[in-house]
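The primary structure of each chain is shown beneath.
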Amino acid sequence: MASPSPIIARGRTDAQDRLVEAEEPLAGFHLRAGGEFPGALVTPALIELVRKARVYGLRLARVIRAQDESEQVTAWVEVKPEGEGASIVIADWQAEPLRPLSQAAGTSDKLALVRHVAGLSARLGPSQELLSVDSDAHDLSDLAAQMREGIGETWTRFVSPSGGTHHKPLHWRLLDGASVDIPGSERRWNVHLVPLGKPQPGSAGFELYLAPQRAEPEKPKRPERDPERTSGIGRDIAPVLRQPVSRIIANAETIRTQLAGPLAEEYSNYAADIASAGEHLLALIDDLTTLELVEDEQFETAPDTIDLADVAQRAVGILGVRAAERGITLDAPKSADSVPAIGEFRRVLQVLLNLVGNAIRHSPEGGEIWIRTEQQGERARITVADQGEGLDENEQAKVFAKFERLGRSGDGGSGLGLYISRRLAQAMGGSLTVESAKGQGARFILELPSFEERRKEPR
């Protein structure tokens, strides 16, 4: 029988989700990432876990991943509501040197476009202090003047992506890509930070750009929602179901991982079955909620410039453990395979998670799954190919139908994933298709408008 992992560190947050107490290594990581004591949590995965535990009164435990300027950390974290805040217990902490900065995150084309449309640019020192400021946007003139008068101070004293001031700046990776409002400007702006210096990015300072968010063309007003229409599970039932189901999963995971103390192996296995069933039920609730959303006549996505290779790498990172459990290799695009596209990041990630998850489920143990990106004229394409049994022509015609499971049973699927994925692809101006033959695996192809297509549009 396995013994529970020893406690590595403890911490405590208050009612505003500020970290008020912490032991090493959590304390050091928090400070290196730009946090303060007491101060707001700056690790997104930990923020989400703490907030859920406090709001819903749940004891939650899971693996989180985060990174600072030098390390990438994987940790098992348990969060328990305590008073108006929460207590944090870390039972495992594994750190490894940070990988080199991904080229996909800052391709030359993307950076060139940012520099072209930026309303304000600035040169920063290694501590993100202002060295010089330049602006040609009339609605940023006041901000530029204030920043020039504040040369030597950190730029976040004048522009605060987090909605509040900080005595010292957050880690640049947490600020890059943030959306901000600027007093005196009716436009919203995105922050872009380009680190300078090697081998440590940012050691020679940064380039700061404020680029306006692209305004989408006004669309015809759609009719008001029919008041007689049934609101469905997403609006009424889902919020009521999620809390008790989440509590069941959290308690079962606590028992399974033996955080509360040693336990006979058979009872740990029972808890794992309960957690698995709860996760299946929660996934079904989420599927039904998303189904109602995509079938709503007022449903819209929020298109932005994304990199399909980057999204694919993130999907593989999320599902890597599941694939490894079955000995399946996930062959993801490399950073150099950057394929810019236009789509809503979280929706594209949702589609890829479904496609890769299906491929893992239907591939033989020890098999391989390929994820490839390519540019096809004015379309960006990503393909997920597996070595499963494949689909005949009749099955291909039905695979995207609602609640269609092609006669399968017991695999935990709801029969909604591919239907929802195709609706999401179409809502983003793209498509989702399949190419397959019985006994030869399947290739699911997601196409989206390309970055080049958007760049050709008149401004």
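Anything mentioned here points back to the structure above.
In this text, all values refer to a predicted model and were calculated from it rather than measured experimentally.

Analysis parameters
Residues numbered from 1 in each chain as written. Predicted model: local features only at pLDDT ≥ 70, side-chain atom pairs only at ≥ 80, totals over all residues. Heavy atoms only, no water. Phe/Tyr/Trp six-rings, centres within 6.5 Å; stacked < 30°, edge-to-face > 60°. Lys NZ or Arg CZ within 6 Å of the ring centre and 35° of its normal. Pairing = 2+ DSSP bridges. Helix = DSSP H or I, 4+ residues; strand = E, 2+ residues; numbered from the N terminus. Axes fitted to C-alpha atoms, helices over the stretch in contact; angles between N-to-C directions. Buried < 20%, exposed > 50% of the residue type's maximum accessible area, 1.4 Å probe, protein only.

Enquirer: Can you help me understand the packing of aromatic side chains in this one?
Expert: Counting across every chain of the model gives 2 aromatic pairs. Between Arg-422 and the ring centre of Phe-400, over which it is positioned, the NZ or CZ distance is 3.9 Å.

Enquirer: When you look at the sheet that holds strand β16 (residues 379-385) in this model, what are you seeing that I'm missing?
Expert: Pairing is mixed across the open sheet formed by 5 strands, whose spatial order is β13-β15-β16-β18-β17. Strands at the two margins of the open sheet, each flanked by one partner only, are β13 (329-331) and β17 (431-436). Strand-to-strand, the axes of this sheet are offset by a mean angle of 15°, without reference to chain direction. Pairing geometry for strand β15 (residues 368-376) and β16, over 7 bridges, is antiparallel. What sits directly across from Thr-373, in β16, is Ile-382.

Enquirer: Sorry, what's going on with the pairing of strand β7 (residues 120-124) here?
Expert: Each regular strand shows side chains that alternate between the opposite faces of the sheet. Residues Leu-120, Ala-122 and Leu-124 line the buried face of β7, whereas the alternating positions Ser-121 and Arg-123 sit on a face that is not buried. Relative to strand β8 (residues 130-135), β7 runs antiparallel, the two sharing 5 bridges. What sits directly across from Arg-123, in β8, is Ser-132. Connecting β7 to the next strand, β8, in antiparallel fashion are 5 residues, including Gln-128 with a positive phi near 65°. With 5 bridges joining them, β7 and strand β11 (residues 206-212) adopt antiparallel strand pairing. Looking at β11, one finds that Ser-121 is bridged to Tyr-209.

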